[in-house]
Amino acid sequence: MTETTFAIGGDLTVNRLAYGAMRITGPGVWGPPADRDEALRVLRRAVELGVDLIDTADSYGPYVSEELIHEALHPYDGVKIATKAGLVRTGPNEWHPVGRPKYLRQEVMMSLRRLGLERIDLFQLHRIDPEVPLADQLGELRDLREEGKIRHIGLSEVSVEEIERAREIVPIVTVQNLYNLTNRQSEDVLDYCEREGIGFIPWFPLAVGELAKPGSSLDHIAKELNATPSQVALAWLLRRSPVMLPIPGTGSVAHLEENMGAANIDLTDEQFAALSEPS
């Protein structure tokens, strides 16, 4: 039986199937959602369905996602909020790394205010800024943790070497990298995280692409399980590693309910092996 929970940092226990709040913003992750009421319904429904970890970032909107989370869910009642800073926005679909310590401090303080929190449970450096020493970026987050503004620190889009360098500066409890059934370029990072007990948050977890075409193993297994290809892709992630924390995102309640159904799917060893075959 697949474990349903994971303890981030050893002391922050969450249900492993979480929710990513990027898609409750406008096109290009810019501006407000087309249907604000539906975005609020999605957040509330996610919690009703058992989600107790919501992943967001200051750059989603920017700021829109955090503001909607506050409106829908504050004072949270056991729901943990993970947010990020380190990418600035100059327009739709435009992202630029900024890791200057004063900027990161400003964004932590602003996220605390937008979310209505005194401490952020999980704060992630959205990207390592190559123009700023890593010790300066993570040193500032370490200081904020010591001040009680941050509980745990995570990284995003990093290599094993970068994680190891980061861990010399501050404890790292999660890594958020691109990973899904069709893109496993971070396999070495996932294996490292599993060995070290670090939570692995795969972003873009629902990509199935050609794997879902009629007659494919994914299509066949989905029919066997009376499930959708997306549900099977999420079930595969949950089975792949006990440190995996998928964050499927959507702006639709119906799609959210479909995604959350993946938690009830148990793949057989044969089904898991078939899906794990290189595509």
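Up top is the structure these notes are about.
Residues numbered from 1 in each chain as written. Predicted model: local features only at pLDDT ≥ 70, side-chain atom pairs only at ≥ 80, totals over all residues. Heavy atoms only, no water.

J.: I would appreciate a short explanation of the environment of leucine 112 in the present structure.
T.: Residue position: leucine 112 is located in helix 3 (residues 101-115). Put simply, leucine 112 and glutamine 231 are 119 residues apart on the chain and 33 Å apart in space, counted from C-alpha to C-alpha. With sequence-adjacent residues up to four places away left out, leucine 112 is seen in contact with Leu117, Glu118, Arg119, Ile120 and Lys149. (Helix = DSSP H or I, 4+ residues; strand = E, 2+ residues; numbered from the N terminus. Contact = heavy atoms within 4.5 Å.)

J.: Is there a simple way to think about helix 10 (residues 269-276) in this case?
T.: Note that an α-helix has 3.6 residues per turn; residues three or four places apart therefore point the same way. What helix 10 keeps buried is the set Gln271, Phe272 and Leu275. Down the axis, helix 10 shows its buried residues gathered within 100 degrees of arc, on one side only. Those residues of helix 10 that are exposed and aimed more than 90 degrees away from the buried face are Asp269 and Glu270. Where the residues of helix 10 are buried, they touch helix 7 (217-224) and helix 8 (229-240). (Buried < 20%, exposed > 50% of the residue type's maximum accessible area, 1.4 Å probe, protein only. Arc of directions from axis to C-beta.)

J.: What is the right way to read the pattern of salt bridges from this model?
T.: Any two side chains of opposite charge can pair if their charged atoms end up close together. A full pass over the atoms with the stated rule returns 17 salt bridges. A salt bridge links arginine 240 to glutamate 187; the nearest nitrogen and oxygen atoms lie 2.5 Å apart. Taken as a pair, arginine 240 in helix 8 and glutamate 187 in helix 6 (residues 187-196) lie far apart in primary sequence, 53 residues in all. Classification of arginine 240 as buried rests on a relative accessible area of 19%. Note that glutamate 194 is salt-bridged to arginine 240, the shortest N-O span being 4.0 Å. Here glutamate 194 is found in helix 6, whereas its partner arginine 240 is found in helix 8, with 46 residues between them in sequence. You can call glutamate 194 partly exposed: its relative accessible area is 34%. Through salt bridges with shared partners, a single ionic network connects Glu187, Asp191, Glu194 and Arg240. (Salt bridge = Lys/Arg side-chain N within 4 Å of Asp/Glu carboxyl O.)

J.: It is not clear to me how the pairing of strand 1 (residues 5-8) should be interpreted in this structure. Could you clarify?
T.: Successive side chains on a regular strand alternate, one facing one side of the sheet and the next facing the other. Burial along strand 1 is one-sided: the residues Phe6 and Ile8 are buried and none of Thr5 and Ala7 is. Relative to strand 2 (residues 12-15), strand 1 runs antiparallel, the two being bridged by four bridges. Its bridge partner being in strand 2, threonine 5 is matched across the sheet by asparagine 15. Remark: three residues form the turn of the hairpin made by strand 1 and strand 2, two consecutive strands paired antiparallel; glycine 9 in that turn has positive phi of roughly 65 degrees. (Pairing = 2+ DSSP bridges.)

J.: I would appreciate a short explanation of the nonpolar core in the present structure.
T.: Side chains that are nonpolar tend, in soluble globular proteins, to be buried together. Ranked by internal contacts, the top residues of the largest apolar core, which has 87 residues, are Tyr19, Leu43, Ile54, Ile69, Leu138, Leu141 and Leu267. Per-element accounting of this core gives the leading share, six residues, to helix 8. Aside from chain neighbours lying at most four places away, what touches leucine 141 is Leu104, Val108, Phe123, Leu125, Ile150 and Ile153. (Core = buried A, V, L, I, M, F, W, Y, C linked by side-chain atoms within 4.5 Å.)

J.: Which parts of the structure should I look at to understand the side chain of asparagine 177?
T.: Position of asparagine 177 among the secondary structure elements: in strand 10 (residues 174-178). When its relative accessible area of 1% is taken as the criterion, asparagine 177 is described as buried. Filtering out sequence-adjacent residues up to four positions away, asparagine 177 remains in contact with Ser156, Glu157, Val158, Ser186, Val189, Phe200, Ile201, Pro202 and Trp203.

J.: How should I be thinking about the packing of aromatic side chains in this particular structure?
T.: What characterises a pair of aromatic rings is the spacing of the ring centres plus the angle enclosed by the ring planes. Within this structure, the stated rule accounts for four aromatic pairs. Seen from their ring centres, tyrosine 60 and tryptophan 95 are 6.3 Å apart, and the 85 degrees between their planes marks the pair as edge-to-face. Here tryptophan 95 lies in the loop between strand 6 (87-88) and strand 7 (96-97) and tyrosine 60 lies in the loop between strand 4 (53-55) and helix 2 (64-73), a separation of 35 residues in the sequence. The exposure class assigned to tyrosine 60 is buried, which follows from its relative accessible area of 5%. Consider the rings of tyrosine 179 and tryptophan 236, whose centres lie 6.2 Å apart with planes at 15 degrees: the pair is stacked. Taken together, the residues tyrosine 179 in the loop between strand 10 and helix 6 and tryptophan 236 in helix 8 connect sequence positions 57 residues apart. With respect to class, tyrosine 179 is no different from tryptophan 236; both count as buried. Members of the aromatic cluster, connected to one another through ring pairs, are Tyr179, Phe200, Trp236 and Phe272. Just above the ring of tryptophan 95 sits the side chain of arginine 89; from NZ or CZ to the centre is 3.8 Å. (Phe/Tyr/Trp six-rings, centres within 6.5 Å; stacked < 30°, edge-to-face > 60°. Lys NZ or Arg CZ within 6 Å of the ring centre and 35° of its normal.)

J.: Any chance you could explain the pairing of strand 8 (residues 120-125) here in plain terms?
T.: In terms of residue burial, strand 8 counts as a mostly covered element, since six of its six residues are buried. Both strand 8 and strand 9 (residues 150-156) contribute to a ladder of five bridges, which runs parallel. Bridge assignment links leucine 122 to a residue of strand 9, and that residue is histidine 152.

Without other data, these values stay purely geometric and don't point to any function.
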